[in-house]
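Residues per chain, in single letters:
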Amino acid sequence: LLASESNPATGSAFGAEPVDWCHFGQSFDRPSTGCPAFQRIPFIAATSYGKPLGAHVACAHLQVGEAQRNQFYPRCALGSDRDRLRWIAMVGLGKFEVLRELNAAFEVMYAASLRQLIAAKAAMLTDPTPEKGVTRTTLAAVVQSFLKDFGDFVDAHAARIEEIGVAPASLTARAAEVLAEWQRSARVDLPTFDGREPLRRADAGPEIGENVVLVPGLLMARTSDPRGLTLVGQIDEANLDDVVAALGELTGSSPPAIVDVSAVNFCSVAGMRALVAAAIGGDVAVTGVQPQLRRALSAAGLLESLPPEDAATTLEVAS
Amino acid sequence: LSSVSGFRHEAVLYQSDDFVERIAPFISDGIANGEPTLVMVSRGKIGALSDRIGTVSDGLVEFRDMAEQGSNPARIIPAWQDFAVRQSDRGAARMRGVGEPIWPGRTSAQLEECHWHEALINRAFGMRQDFWLICPYDSALLEASVLDAARTTHPWVRDISGIAASASDAFATPQLPLASAMGEPERIEATMIFDRDNLTQLRAMVATESARAGMSASGVDDFVLAVSEVATNSIAHGGGGGSARLWRDRGDVVCEIGDTGIMVEPLADRTRPDADPMDARGLWAANQLCDLVQVRSGDTGSVVRLRRRARATAA
């Protein structure tokens, strides 16, 4: 995709590249340096006759886009880079990890039921009897059992689901709807919770304006209570000056302003230097440092640059 | 000769079996003189040496596994410097070291960097400190070319027949070894031209290819950051951008960044950055995040090859 024979900036055969082209298409098994909006889902590939080819990991937002007739590309359902960052900002500034954890927990629950769902559906579709009576009943029972598990999952995680701005009841209703549709369809595929999913609506993200600034690769949201800055996306050469300027606005804060980096999925060493310099100056407290960023700070010799009490408390590691 | 003034860097050629016999007295003499000593050799040799020397009080002798500390040879000089600074701060006037960075099984790329490391250490210490460092070389197992290189990177060479000054003074003014052109890969997996505006795509390329080669998620994060830092250096100092190419070498992923910048300070990639966060530290970080970083620089530009293990290879 990115080989230099084609033009990496425009993505080869299509001339001007669609803005919702997904550039992270091959690294789905490891999200953290890739797309900040990545959401892991299981994907069962199948032949055109519906024969399953094995399970893969894909992204909930990945769709097949058609640039021109018969020319397909990996399309991000969220839209452009800008839309993706707004979506993350909407899901919850600084709460993106909650969503990731929910997805991971859901995946465990879903994986346990998947095999049964697929087996029951396949048995029903291949049932030679005209009425398919027994297999149809079995499938209905498996679906009911799954919906019960789904309901229990939603109940168990209700507080966290509300935390990301979704009504638990709407999620249960949506699951029943999707499963009913899937149960009727004549294909061996998986129930998909996409399309009309409330979390997919990037247009509901915060408006770009005075307090929410979009710079290349990064969304910066100023918060007022407590005073601070939430960063979403990647910090690198393309936006370092903007980050430094935004941190500069926080000088003289007392108590220190809160800089939330929990949704930063890449930070250059120069970006780390800026964050650490602000933290040493006492103007800001950096929160939500992910394990990867902490490792990187250590490799850059910046954890030691902080006074010991700051390294332990200011740069609090996200659990 | 029981102690030295200035930095003394000495190769000791031994014959496999006589390692303990040749090296232990050097450590014992240091203990007798009250000179703090850091020994960085393999785990097995640490065991053999401590058995011979016995218990040492006062923490005068410190052992460290060279396979760990020196897997990337660029991490060895900082370890010696940390030791020297720490002991000077404690008031030690003289100190000793035993370091064996080269053992049978080092890959050719690692060997090149080990020789480069041995040459650079002369520059890193100069005459400032009374530090006597000996580097054991197993002359029974290592190839003749390796021993020849050791004779040019060490001002002093000691073998079974005694001690002699090095035949060459190549060690005195180490240059970035551009002349030692690196081998060409057989098959390139991905290439791209980068500048300030498409670093994200460079990182995506490195992440994709590394994951495909089997690298762990945290490994990919580290490798991507290292490559991104070197590319950022190209943007800042190497003409605004450069070229990247990536390939696999046995179980490793290698990413090479080329630009038109010229590096002047050969110790730049292994000098521990200042505590001041404004001090640059991209190349330093790359050496902590990668298994090997090879820097070559000449009149026409610079090349940096970063390498990280993706999966274990059959021996």
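Definitions and cut-offs
- Residues numbered from 1 in each chain as written.
- Chains lettered and ligands numbered in written order.
- Predicted model: local features only at pLDDT ≥ 70, side-chain atom pairs only at ≥ 80, totals over all residues.
- Heavy atoms only, no water.
- Helix = DSSP H or I, 4+ residues; strand = E, 2+ residues; numbered from the N terminus.
- Rg over C-alpha atoms; globule rule 2.2 N^0.38 Å.
- Contact = heavy atoms within 4.5 Å.
- Areas by Shrake-Rupley, 256 points an atom, 1.4 Å probe, with all protein chains shown as cover.
- Lys, Arg positive; Asp, Glu negative; His and termini not counted.
- Charge placed at Lys NZ, Arg CZ, Asp CG, Glu CD.
- Buried < 20%, exposed > 50% of the residue type's maximum accessible area, 1.4 Å probe, protein only.
- Pairing = 2+ DSSP bridges.
- Right-handed = clockwise from strand over helix to strand, strands pointing away.
- pLDDT = per-residue confidence, 0-100.
- Axes fitted to C-alpha atoms, helices over the stretch in contact; angles between N-to-C directions.
- Polar contact = N/O pair within 3.5 Å; in protein donor to acceptor, adjacent residues only side chain to side chain.
- Buried area = accessible area lost by both parts, 1.4 Å probe.
- Salt bridge = Lys/Arg side-chain N within 4 Å of Asp/Glu carboxyl O.
- Phe/Tyr/Trp six-rings, centres within 6.5 Å; stacked < 30°, edge-to-face > 60°.
- Core = buried A, V, L, I, M, F, W, Y, C linked by side-chain atoms within 4.5 Å.

1. Concerning the overall build of chain B
Part 1 of the reasoning: Scanning chain B for helices and strands turns up nine helices and 12 strands.
Part 2 of the reasoning: Relative to a compact globule of 315 residues, whose C-alpha radius of gyration would be 20 Å, chain B shows 20 Å and is just as compact.
Part 3 of the reasoning: In terms of principal-axis extent, the alpha carbons of chain B reach across some 60 × 45 × 40 Å.
Part 4 of the reasoning: The long-range fraction of contacts in chain B, counting pairs at least 24 apart against all pairs at least 6 apart in sequence, stands at 74%.
Part 5 of the reasoning: Accessible surface for chain B amounts to roughly 13300 Å². Of this, 49% is attributable to carbon and sulfur atoms.
Part 6 of the reasoning: One finds the centroid of the 32 positive side-chain charges in chain B at a distance of 2 Å from the centroid of its 43 negative side-chain charges.

2. Remarks on the pairing of strand 7 (residues 227-235) of chain A
All names here are of chain A.
Part 1 of the reasoning: With respect to burial, strand 7 is a largely interior element, eight of its nine residues being buried.
Part 2 of the reasoning: In terms of strand pairing, strand 6 (residues 218-224) meets strand 7 through seven bridges, oriented antiparallel. From the neighbouring strand, Thr-223 faces strand 7, where its bridge partner is Gly-228.
Part 3 of the reasoning: Taking the residues between adjacent antiparallel strands as the criterion, strand 6 and strand 7 are bridged by two residues.
Part 4 of the reasoning: In the sheet, strand 7 pairs with strand 8 (residues 257-267) via seven bridges, with the strands oriented parallel. Residue Ile-235 lies in a different strand from strand 8, and its bridge partner there is Cys-267.
Part 5 of the reasoning: The β-α-β motif built from strand 7, the intervening helix 6 (residues 240-248) and the parallel element strand 8 has right-handed crossover chirality.

3. A word on the confidence of the model for chain A
Residues and elements named next belong to chain A.
Part 1 of the reasoning: Averaged over chain A, the pLDDT score is 76; the fraction of residues at 70 or greater is 72%.
Part 2 of the reasoning: Predicted confidence in chain A is weakest over helix 9 (residues 308-313), with a mean pLDDT of 50, and strongest over helix 6, with 94.
Part 3 of the reasoning: Counting interchain partners and residues more than four positions distant, the pLDDT-below-50 stretch residues 1-14 has 30 contacts.

4. Some details on the sheet that holds strand 7 of chain A
Across a sheet, strands are paired by hydrogen bonds formed along the backbone, either parallel or antiparallel in direction.
All names here are of chain A.
Part 1 of the reasoning: Judged by pairing direction, the sheet is mixed, and its five strands sit side by side in the order 5-6-7-8-9 without closing on themselves. A single partner strand is all that each edge strand has here, and the edge strands are strand 5 (212-215) and strand 9 (284-287). For this sheet, the mean angle separating the axes of adjacent strands, direction not counted, is 20 degrees.
Part 2 of the reasoning: For strand 8 and strand 9, the ladder comprises four bridges, and the chain directions are parallel. Each residue of the ladder has a partner; that of Asp-260, found in strand 9, is Thr-287.
Part 3 of the reasoning: Sheet strands in contact with helix 6 are strand 5, strand 6, strand 7 and strand 8, and its direction is about 5 degrees off that of strand 6.

5. Some remarks on the side chain of Asp-236 of chain A
Part 1 of the reasoning: When you line up the elements, Asp-236 of chain A lands in the loop between strand 7 and helix 6.
Part 2 of the reasoning: Within the structure, Asp-236 of chain A has its side chain in polar contact with the backbone nitrogen of Ala-238 of chain A (distance 2.9 Å).
Part 3 of the reasoning: Those residues in contact with Asp-236 of chain A, other than ones at most four positions away along the chain, are Phe-266 and Ser-268 of chain A together with Leu-199, Thr-200 and Arg-203 of chain B.

6. Looking at the interface of chain A and chain B
Part 1 of the reasoning: Taken residue by residue, the interface counts 38 residues in chain A and 37 residues in chain B.
Part 2 of the reasoning: Around 3000 Å² of area is buried between chain A and chain B when both sides are counted, 57% of it from carbon and sulfur atoms.
Part 3 of the reasoning: Taken together, the links from chain A to chain B amount to two salt bridges.
Part 4 of the reasoning: Arg-295 of chain A is the partner of Asp-222 of chain B in a salt bridge, and the nearest nitrogen-oxygen pair spans 3.1 Å.

7. Considering the packing of aromatic side chains
Each aromatic ring pair is specified by the distance between its two centres and by the angle formed by the two planes.
Residues and elements named next belong to chain B.
Part 1 of the reasoning: For the structure on display, the rule yields nine aromatic pairs over all chains.
Part 2 of the reasoning: Judged by centre distance (5.0 Å) and plane angle (90 degrees), the rings of Phe-26 and Trp-132 are edge-to-face. Taken as a pair, Phe-26 in helix 1 (residues 19-33) and Trp-132 in strand 5 (residues 130-138) lie far apart in primary sequence, 106 residues in all. Considered together, Phe-26 and Trp-132 belong to a single accessibility category, that of buried residues.

8. Focus: the nonpolar core
Residues and elements named next belong to chain B.
Part 1 of the reasoning: Ranked by internal contacts, the top residues of the largest apolar core, which has 68 residues, are Leu-202 and Leu-306.
Part 2 of the reasoning: Broken down by element, this core gets its largest block of residues, nine residues, from helix 8 (residues 217-237).
Part 3 of the reasoning: Not counting residues within four places of it along the chain, the set of residues in contact with Leu-306 comprises Phe-223, Ala-226, Val-227, Val-230, Val-253, Val-254, Cys-255, Ile-257, Ala-286, Cys-290, Leu-292 and Val-293.
Part 4 of the reasoning: Counting residues in each nonpolar core, the second largest holds 32 residues, with Met-66, Cys-114, Leu-120 and Leu-267 among its members.

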